[in-house]
Amino acid sequence: LGLPAPILSGLEVPNKSPSFDGEVSTSLSAEVDALMEALDDDNRVIKKCTVGKRNVTGYTLIAVGYDNAWARVGGIMCAGGKRSKRKDCTNKEKFANAVKLA
């Protein structure tokens, strides 16, 4: 015996967790600042924090990168700035330094 659908199946959740690979992105500096504030010294998100409509509370930041392109079509940068591949980011100080470079 069971229900035809889970009890909360119709509930719309406004914030989702990061995808399986754990990658989140944002173009809002306010979200980056909020993430910085939510991190402890070991890069664990210890305060409620949303990045790019993804709830990252409880996760650990392990890598950071940036893309300052103003316009991108597919993988081609049409206008804009620099890009950085993801780099290991094992503590809050490394995250702060990466944010300064962006």
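Residues numbered from 1 in each chain as written. Predicted model: local features only at pLDDT ≥ 70, side-chain atom pairs only at ≥ 80, totals over all residues. Heavy atoms only, no water.

Enquirer: Can you help me understand the overall build of the chain in this one?
Expert: On a plain count of helices and strands, the chain comes out with 2 helices and 4 strands. Helices and strands appear in the chain in the N-to-C order α-β-β-β-β-α. Sorting the 102 residues of the chain into buried and exposed places 18% on the buried side. Pairs at least 24 apart in sequence give 46% of the contacts found in the chain among residues at least 6 apart. Entry remark: accessible area of the chain is about 8,000 Å², with carbon and sulfur atoms responsible for 56%. (Helix = DSSP H or I, 4+ residues; strand = E, 2+ residues; numbered from the N terminus. Buried < 20%, exposed > 50% of the residue type's maximum accessible area, 1.4 Å probe, protein only. Contact = heavy atoms within 4.5 Å. Areas by Shrake-Rupley, 256 points an atom, 1.4 Å probe, with all protein chains shown as cover.)

Enquirer: It is not clear to me how the nonpolar core should be interpreted in this structure. Could you clarify?
Expert: In summary, soluble globular proteins display a tendency toward joint burial of nonpolar side chains. By size, the foremost hydrophobic cluster in this structure holds 12 residues: L35, A38, L39, V45, C49, V51, V56, L61, V64, C89, F95 and A98. Leaving out residues up to four positions away in the same chain, V51 has contacts with V24, S25, T26, E31, L35 and V56. (Core = buried A, V, L, I, M, F, W, Y, C linked by side-chain atoms within 4.5 Å.)

Enquirer: Would you explain the environment of V32 in this entry?
Expert: Tracing the sequence through the fold places V32 in helix α1 (residues 29–38). Taking relative accessible area as the criterion, V32 reaches 26% and is therefore assigned partly exposed. In sequence terms V32 and V51 are 19 residues apart; their C-alpha atoms lie 7.6 Å from each other. The contacts of V32, once residues within four sequence positions are left out, are T26, F95 and V99.

Enquirer: Would you mind showing me how to read the side chain of N43 here?
Expert: Along the chain, the position of N43 falls in the loop between α1 and β1 (50–51). Side-chain polar atoms of N43 contact the backbone oxygen of N91, separated by 3.4 Å. If near-sequence neighbours (up to four positions away) are discounted, N43 is found in contact with Y59, T60, L61, C89, T90, N91 and K92. (Polar contact = N/O pair within 3.5 Å; in protein donor to acceptor, adjacent residues only side chain to side chain.)

Enquirer: Got a minute to help me understand the pattern of salt bridges in this structure?
Expert: Once the charged atoms of two side chains with opposite charge are near each other, the side chains can pair. Per the counting criterion, the structure on display carries 4 salt bridges. For E37, the salt bridge is made with K47, and the minimal N-O distance between the two is 3.2 Å. Here the residue E37 occupies a position in helix α1, and K47 occupies one in the loop between α1 and β1, the gap between them amounting to 10 residues. Among the residues examined, E37 registers a relative accessible area of 51% and is labelled exposed. (Salt bridge = Lys/Arg side-chain N within 4 Å of Asp/Glu carboxyl O.)

Note that all results are geometric; they support no functional claim without further evidence.
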